[in-house]
Amino acid sequence: MRNLSFFFFFFFTFFAAVRSDPSDHRYKEGDPVPLYANKVGPFHNPSETYRYFDLPFCEPGDLKEKKEALGEVLNGDRLVSAPYKLEFQRDKELVSVCDRKLSKQDVARFRSAVRKDYYFQMYYDDLPIWGFIGKVDKEGKDPSDYRYFLYKHIHFDVFYNKDRVIEINVRTDPNALVDLTEDAEVQAEFLYTVKWKETNTPFEKRMDKYSQSSSLPHHLEIHWFSIINSCVTVLLLTGFLATILMRVLKNDFVKYAHDEESAEDQEETGWKYIHGDVFRFPKFKSLFAAALGSGTQLFTLTVFIFILALVGVFYPYNRGALFTALVVIYALTSGIAGYTATSFYCQLEGTNWVRNLLLTGCLFCGPLFLTFCFLNTVAIAYKATAALPFGTIVVIVLIWSLVTSPLLVLGGIAGKNSKAEFQAPVRTTKYPREIPPLPWYRGTIPQMAMAGFLPFSAIYIELYYIFASVWGHRIYTIYSILFIVFIILLIVTAFITVALTYFQLAAEDHEWWWRSFLCGGSTGLFIYTYCLYYYYARSDMSGFMQTSFFFGYMACICYGFFLMLGTVGFRAALLFVRHIYRSIKCE
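Cut-offs and rules
Residues numbered from 1 in each chain as written. Predicted model: local features only at pLDDT ≥ 70, side-chain atom pairs only at ≥ 80, totals over all residues. Heavy atoms only, no water. UniProt positions renumbered as here; feature names shortened; annotations may be inferred. Disulfide = S-S within 2.5 Å. Helix = DSSP H or I, 4+ residues; strand = E, 2+ residues; numbered from the N terminus. Buried < 20%, exposed > 50% of the residue type's maximum accessible area, 1.4 Å probe, protein only. Pairing = 2+ DSSP bridges. Axes fitted to C-alpha atoms, helices over the stretch in contact; angles between N-to-C directions. pLDDT = per-residue confidence, 0-100. Contact = heavy atoms within 4.5 Å. Salt bridge = Lys/Arg side-chain N within 4 Å of Asp/Glu carboxyl O. Parallel < 35°, antiparallel > 145°, perpendicular 65-115°, else oblique. Left-handed = near helix turned anticlockwise from the far one by under 90°. Nonpolar A, V, L, I, M, F, W, Y, C, P; charged D, E, K, R; others polar.

With an unreviewed UniProt entry as reference, the protein is termed Transmembrane 9 superfamily member, source organism Glycine max. Recorded in UniProt under Sequence similarities (unreviewed entry), the annotation for the protein is "Belongs to the nonaspanin (TM9SF) (TC 9.A.2) family."

If you want it as structure tokens, here you go:
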């Protein structure tokens with residue numbers, strides 16, 4: 001109990017640290033307020049971002065890099081001091097940052113950035129600000145007739161309440177332009193203007209404007225409509241299936257009870273016929289137990305992330321909080337994976353529990369690590385901020401070595417020593433019965449297609465908003481709706497797996513263990529198919545780096561969903577199978 005209390009104390013202290021800031025955000029007139037330039041990149045390619053001064057902007061004389069937390073680095077943030085000085089409550093008009101001659105190479109780099117619709121991002125007193133670096137005049141139909149311009153004058157409108165900064169907006173002067181169309185040297189003077197205005201908005205609500213887009217009435221209406229639509233569809237279909245299943249089961253129980261009272265030599269049929277094989281342990285039991293362990297860990301991770309989201313940890317632009325939470329919670333929950341996998345493996349009468357533990361540790365982390373190595377190499381080749389520095393990689397390796405692995409081993413030892421036996425209500429025969437020939441639609445792949453479609457249909461509307469947030473510039477803040485959708489997903493996955501397991505057993509096919517896991521996890525395959533649709537039909541992403549990042553990391557996320565929902569499906573099927581065989585008398 002003492003260890004548990006320490007864990008929760010550490011857990012919430014850690015995330016309190018994530019939310020807090022060294023500064024109290026209070027200033028006097030004339031005090032310098034920190035302004036950091038973060039990154040630039042193509043607007044439609046959120047993963048392809050570069051350091052702000054990779055473009056030849058005016059650099060300040062005292063260029064300093066801001067020390068960042070793990071989550072901020074994973075998020076691709078690379079904050080450096082900006083060339084603009086915005087002192088508290090000090091208006092400025094047409095202040096020159098620098099007057100410089102842009103070489104042909106500088107002009108070509110700026111022109112390429114303007115052509116790709118580059119934006120910049122900065123942080124002022126921890127408030128995010130964005131703007132485009134230039135514009136394209138498409139006067140002629142032919143691209144050769146386009147003209148490219150760079151904005152050289154930035155307006156900062158800052159709102160304050162007493163001694164605190166509340167809001168900042170940035171706009172560019174459409175008349176102050178540098179023509180980049182020709183490959184020639186250009187003289188450019190970069191300017192900025194600052195206007196301070198008073199507001200009554202309290203400091204505690206200064207982040208609300210960033211979440212308003214997802215909380216607008218028409219957005220909320222769409223969200224709630226999607227949930228109601230999902231609930232109605234799911235209730236109708238599950239209710240229909242439940243009615244059929246309950247009626248069929250009732251008839252089965254009556255029939256089998258009648259058979260017991262009649263002639264003892266009467267031949268059994270249906271799922272009772274295979275009672276001696278239904279609890280026969282599956283093939284590849286080590287892999288099966290490892291998949292259950294990994295799936296249980298990912299389920300626990302998801303629940304913890306939802307708890308933190310619902311209590312408000314992931315408020316808009318709490319830089320890197322989500323990535324920090326994912327890394328820390330995954331490391332701390334690895335003991336759950338080790339315990340679940342090893343204890344279940346020992347219940348299945350497995351002997352090499354050490355190999356099973358290694359397999360559990362690598363089952364999800366292995367593909368994720370290989371994907372990361374490839375994508376990080378791509379980011380290094382592009383010189384993008386998505387490339388993790390060597391120090392950050394060392395920190396992650398240390399977390400894995402000093403926290404994840406020891407907890408995994410400790411969980412495995414605890415699972416091995418639990419000495420729990422597998423609870424089977426009927427005895428398993430020595431030799432397995434032959435499975436009768438079945439029609440094609442009772443095969444594994446058609447069953448997976450049927451099992452994955454219903455849960456996916458319950459969540460696909462909400463998927464667009466999630467994708468637009470993760471792979472776009474929308475902000476997702478309605479976590480309560482997302483949590484309801486997640487609960488619906490779990491219920492539907494469990495029920496459809498139970499229904500398909502019953503139909504499989506009724507057809508006298510007793511190899512339901514792997515089938516129930518694959519059917520439960522098949523929603524992950526549908527989500528990855530939706531990735532293809534979203535990339536080509538709903539987004540403007542392009543380029544090798546963005547494409548590889550999108551499909552690479554989405555493959556890992558969908559694989560995680562596969563393991564998690566597969567575990568949910570199998571656990572539900574196991575409860576169901578135990579229940580029905582406990583309810584009848586089998587010799």
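K.L.:
Pulling in residues and values, what's your account of the state of the cysteines?
P.N.:
For the structure shown, the criterion picks out one disulfide. Looking at Cys365, it has no disulfide partner, and the nearest cysteine sulfur is the one in Cys362, 7.7 Å off.

K.L.:
Help me get a handle on the side chain of His155, residues and values and all.
P.N.:
Residue position: His155 is located in strand S9 (residues 153–161). On the basis of relative accessibility, which here comes to 15%, the residue His155 falls in the buried class.

K.L.:
Residue-level account of the sheet that holds strand S7 (residues 134–137), with values.
P.N.:
Across the sheet, which stays open at both edges, the three strands sit in the order S7-S8-S11 with antiparallel pairing between neighbours. Either end of the sheet is taken by a strand with one partner, and the two such strands are S7 and strand S11 (177–179). For this sheet the average axis-to-axis angle between neighbouring strands, irrespective of direction, equals 30°. Where strand S8 (residues 147–151) lies against S11, three bridges are found, and the strand directions are antiparallel.

K.L.:
Please set out the confidence of the model for the protein residue by residue, giving values where relevant.
P.N.:
Summarising the model, the protein shows a mean pLDDT of 86, and 89% of its residues fall at 70 or more. Considering only residues more than four positions removed or in separate chains, one finds that residues 1–22, a stretch of pLDDT under 50, has 20 contacts.

K.L.:
I'd love a proper account of the environment of Thr371, names of residues and values included.
P.N.:
Within the secondary structure layout, Thr371 lies in helix H9 (residues 353–382). For the pair Thr371 and Tyr553, spaced 182 residues apart in sequence, the C-alpha separation works out to 7.3 Å. With residues up to four places along the chain from it excluded, the contact list for Thr371 reads Gly552, Tyr553 and Cys556.

K.L.:
Give me the lowdown on the pattern of salt bridges, citing residues and values where you can.
P.N.:
Evaluated as defined, the whole model comprises 13 salt bridges. Asp163 is paired through a salt bridge with Arg26; the nearest N and O atoms lie 3.3 Å apart. Note that Asp163 is positioned in the loop between S9 and strand S10 (164–172) and Arg26 in the loop between helix H1 (2–19) and strand S1 (35–42), a separation of 137 residues in sequence. Look at Asp163 and you get partly exposed, because its relative accessible area is 24%.

K.L.:
Describe the environment of Thr342, with residues and values.
P.N.:
For Thr342, the position within the fold is in helix H8 (residues 334–347). Look at Thr342 and you get buried, because its relative accessible area is 0%.

K.L.:
Account for the pairing of S1, naming residues and giving values.
P.N.:
The element S1 is largely enclosed, with a buried count of seven among its eight residues. With seven bridges joining them, S1 and strand S5 (residues 118–124) adopt antiparallel strand pairing. Its bridge partner being in S5, Leu35 is matched across the sheet by Tyr124. Relative to strand S3 (residues 80–81), S1 runs antiparallel, the two sharing two bridges. Within S3, the position partnered with Tyr36 by the bridge is Ser81. In this sheet, strand S2 (residues 50–51) lies alongside S1 in antiparallel orientation, the contact comprising two bridges. Looking at the pairing, Lys39 lines up with Arg51 of S2.

K.L.:
Break down the packing of helix H14 (residues 523–538) against helix H15 (residues 544–582) for me, citing the residues and quoting the values.
P.N.:
Their axes nearest at 8 Å, the elements H14 and H15 cross at an angle of 160°. Our classification of the angle between H14 and H15 gives roughly antiparallel. Relative to H15, the crossing made by H14 is right-handed. Across the interface between the two elements, Thr523, Gly524, Ile527, Tyr528, Cys531, Leu532, Tyr534, Tyr535 and Tyr536 from H14 touch Thr547, Phe550, Phe551, Met554, Ala555, Cys558, Phe561, Phe562 and Leu565 from H15. Residue classes in the contact of H14 with H15 are distributed as 15 nonpolar, three polar and no charged.

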